[in-house]
Structure formats: C-alpha cells, structure tokens
Amino acid sequence: MKLLPLAPDGRTPVRALTIAGTDSGGGAGIQADSRTMAMLGVHACVAVAAVTVQNSVGVTGFHEIPPEIVAAQVRSVVGDIGVTGAKTGMLASTAIIESVAAVCTEVGIGRDQPVPLVVDPVCASMHGDPLLHAEALDAVRTTLVPIASLVTPNLDEVRLITGIDVVDDASARRAAEALHGLGAQWSLVKGGHLRTSTQSTDLLFDGDTFHEFTSPRIDTGNDHGGGDTLAASIASALAHGLSMPEAVAFGKQWVTRCLAASYDLGAGHGPVSPLWRLRESAPED
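Please read all numbers here as calculations on a predicted model, not as lab measurements.

About the thresholds
- Residues numbered from 1 in each chain as written.
- Predicted model: local features only at pLDDT ≥ 70, side-chain atom pairs only at ≥ 80, totals over all residues.
- Heavy atoms only, no water.
- Axes fitted to C-alpha atoms, helices over the stretch in contact; angles between N-to-C directions.
- Helix = DSSP H or I, 4+ residues; strand = E, 2+ residues; numbered from the N terminus.
- Parallel < 35°, antiparallel > 145°, perpendicular 65-115°, else oblique.
- Left-handed = near helix turned anticlockwise from the far one by under 90°.
- Contact = heavy atoms within 4.5 Å.
- Nonpolar A, V, L, I, M, F, W, Y, C, P; charged D, E, K, R; others polar.
- Pairing = 2+ DSSP bridges.
- Buried < 20%, exposed > 50% of the residue type's maximum accessible area, 1.4 Å probe, protein only.
- Arc of directions from axis to C-beta.
- Polar contact = N/O pair within 3.5 Å; in protein donor to acceptor, adjacent residues only side chain to side chain.
- Core = buried A, V, L, I, M, F, W, Y, C linked by side-chain atoms within 4.5 Å.
- Expected span 1.5 Å × (residues − 1).
- Patch = residues over 30% accessible without salt bridge, like charges linked within 9 Å, V, L, I, M, F, W, Y side chains within 5 Å.
- Areas by Shrake-Rupley, 256 points an atom, 1.4 Å probe, with all protein chains shown as cover.
- Salt bridge = Lys/Arg side-chain N within 4 Å of Asp/Glu carboxyl O.

Draft legend 1. Summary view of the packing of helix α1 (residues 29-39) against helix α7 (residues 226-239). Relative orientation of the contacting elements α1 and α7 amounts to 40°, with a least axis distance of 9 Å. In terms of orientation, α1 and α7 fall into the oblique class. The interaxial crossing formed by α1 with α7 has right-handed handedness. Between α1 and α7, the contacting residues are Gly 29, Ala 32, Asp 33, Thr 36 and Met 37 on the first element and Asp 228, Thr 229, Ala 232, Ser 233 and Ser 236 on the second. Its residues placed into classes, the contact of α1 with α7 shows 3 nonpolar, 5 polar and 2 charged.

Draft legend 2. Geometry of the sheet that holds strand β8 (residues 199-205). The mixed open sheet is built from 9 strands, whose spatial order is β3-β2-β1-β4-β5-β6-β7-β8-β9. Sheet topology places β3 (59-64) and β9 (210-216) at the edges, where each strand pairs with a single neighbour. Relative to β3, strand β2 (residues 43-54) runs antiparallel, the two being bridged by 5 bridges. Paired with Val 51 across the two strands is His 63, which belongs to β3.

Draft legend 3. Quick peek at the packing of helix α2 (residues 67-80) against helix α3 (residues 94-107). Two elements in contact, α2 and α3, have axes separated by 8 Å at closest approach and are oriented at 20°. Considered as vectors, α2 and α3 are oriented roughly parallel to each other. Remark: the crossing between α2 and α3 carries right-handed chirality. Contacts between α2 and α3 involve Pro 67, Glu 68, Val 70, Ala 71, Val 74, Arg 75 and Val 78 from the first element and Ala 95, Ile 96, Ser 99, Val 100, Val 103, Glu 106 and Val 107 from the second. Residue composition of the contact of α2 with α3, grouped by class: 10 nonpolar, 1 polar and 3 charged.

Draft legend 4. Local environment of helix α5 (residues 155-162). Considered for burial, the residues of α5 that qualify are Leu 155, Glu 157, Val 158 and Ile 161. In an axial view of α5, the angular spread of the buried residues amounts to 155°, which keeps them on one side of the axis. At the N-terminal end of α5, a side-chain oxygen is found 3.1 Å from the backbone nitrogen of Asp 156, two or three residues along, and the residue is Asn 154. At the exit of α5 stands Gly 163, carrying a positive phi of roughly 80°.

Draft legend 5. Spatial organisation of the nonpolar core. With 57 residues, the main nonpolar core has Leu 17, Ile 19 and Ile 109 as its most contacted residues. Among the elements that line this core, the one with the most residues is α3, at 6 residues. Leave out the neighbours within four places in its chain, and Leu 17 touches Met 37, Cys 45, Val 46, Ala 47, Val 74, Val 77, Val 78, Val 83, Gly 85, Ala 86, Lys 87 and Ile 109. The next biggest cluster of nonpolar side chains, apart from the first, holds 30 residues, and it includes Met 37, Met 39, Leu 40 and Trp 276.

Draft legend 6. Representation of helix α6 (residues 169-181) within the structure. Across its 13 residues, α6 extends 18 Å between first and last C-alpha, which sits within 8% of the 18 Å expected from 1.5 Å per residue. The set of residues buried in α6 consists of Ser 171, Ala 172, Ala 175, Ala 176 and Leu 179. End-on, the buried residues of α6 take up no more than an arc of 145°, which puts them together on one face. Against β6 (150-151), α5, β7 (186-189), β8 and β9 lie the buried residues of α6. Between the side-chain oxygen at the start of α6 and the backbone nitrogen of Ala 170 there is a gap of 3.4 Å, and the oxygen is on Asp 168. Gly 183 sits one or two positions beyond α6 and adopts a positive phi of about 125°.

Draft legend 7. Looking closely at a nonpolar patch on the surface. Judged by side-chain polarity, Tyr 263, Leu 265, Leu 275 and Leu 278 come together as a nonpolar surface patch covering roughly 350 Å² of accessible area. Tracing the backbone shows Tyr 263 in the segment after α8 (244-260). Judged by relative accessible area, Tyr 263 falls into the partly exposed class, the value being 31%.

Draft legend 8. Summary view of the environment of Val 272. Assignment of secondary structure puts Val 272 in the segment after α8. Accessibility expressed as a relative area gives 1% for Val 272, which makes it buried. Not counting the four nearest positions on each side in its chain, Val 272 is found in contact with Asn 222, Asp 223, His 224, Gly 225, Gly 226, Thr 229, Cys 258, Leu 259 and Ser 262.

What follows is the structure, encoded as structure tokens:
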C-alpha cells in the first residue's frame, strides 16, 4: 500500500489529536491511536477523557476525567500546537460528550469546521464491558454524531445508536442512512464484525452516494484496537489533506495490514499491530 509521506528530519510533521480513554493493556484507546499516528509519521496530541483498568481479558473499571479538564486539554493543544485532523474514542459520560462537542466547535474541529473530526462512538469494549454510561447514548445521538465529519461505529454500536441490526448489505445501507440522518457529514458502517462473510466490506455514505471498501477477512482473534486503529488512520489521512473517500480507503488498507500483523498478548485477545510499518521503506519526501 502507498503510505503517507514522512516529514524530513527536523521539520515539524503533520499533527492530529485524539480525544479518548487510555488502555492500560496498550492494545486500544489512546495507546492504539498514538501508535498508529506515529507509525504514519503524524505527531499525536492527546486529550485524555478517561482512564481504564483493562488487559487482554477485559475491562474491570474506569475513571472519568473531569469534563472541564478534557476540554482544557483540547483548547491548550489546538491553541499552541495546532492540528489538521482529530478523532474521538471513549468519552464515557454525557457531561464529557457535551464538553467535547462544545470545545471542538469553539476551536474549529468537526463537521463544517476547518479541522475534520472522526467520531468513533465507543460504547463497549470488544469483551462487552461497558465504556459508556447507558444514559449517555442520547448524547451520542444528539450531541456527538451531529458534529462528526465521519462517524465509524462497529456493528454493536450501530445497533445501540440506530436500533438497526446489520446482517446484510441492505441493512448496512439503512444503518448508514440512519447515522447520516443523525447529522454526521459522512457515515461508515464497518463489516468487520459480520463474521459470516469471507470478505470485510465497509460502507461509506454522504447522504447521496454509497462507497464500498472491501478486503479479505483476516482470520484472527487478535483484533483488539481494530476500530481505534481504523479511525486513527483515517484521521491521519484527513490531516494530510486526503478527501474522505481517499482517507477511508487508506484506513481500510492500513487496518487490514495491522490485522494481518496482529500478535498474541496475555490470556485474551491480542492487538492489531502497526509495527509492520517499521519494515517498510518510507515513500520519497
């Protein structure tokens, strides 16, 4: 695959921001976002929204960061360093979601703003452990999704947000339309969890046109952090100025390579891995 260009030594690289929760096991969350951004030559700035207690087996707890501190991190980074792409992950509560939406609008991040925002509406871990208070789902629908340049739920999150159970192409299209109807500029319905298919097809929709992105399904149980890695790679591509379809196509290729390079870790699900990038020669500057 064609990689994103690297800045020459000594020159400031493209900057992107992730607003999300930590993963103490290092497989998902801010750790996965920062790892992918770094492997793509992007300087990753972070706004920590929650601290989780988790490993490869599951999540046993999390601590929310005060909403005003989450917002202050965003304001501080954008005001000094500047970013050209951003994403969200675990935001945990209604108060944090509302604070993030307000500060993003304030600093020019989000739909119809100078800086595109990829919203990964994290509701639960891959083990089913809750990462979002149940009452915050309404805030996801009414406050977070409407500021998204792109929203990237997995199929479980699609069902929680829209009530649509995606089982085939027709239901995937209905779900993409429903997500767009909530206010997102673009919606992406990912097929990675539709394990009955030998192919993994993601469906992108802008309110008018559907774009399909298909790759062979990678047969691995080590897919922890896959959604974070996809969203972070799309945000990185957008930060480089790619169009949304180009950025999603890039992200699809990236996460497929990361799935193929995934490794065992602990007693549960290992992470997808962008470390294969270290073996690839960089494109010409």
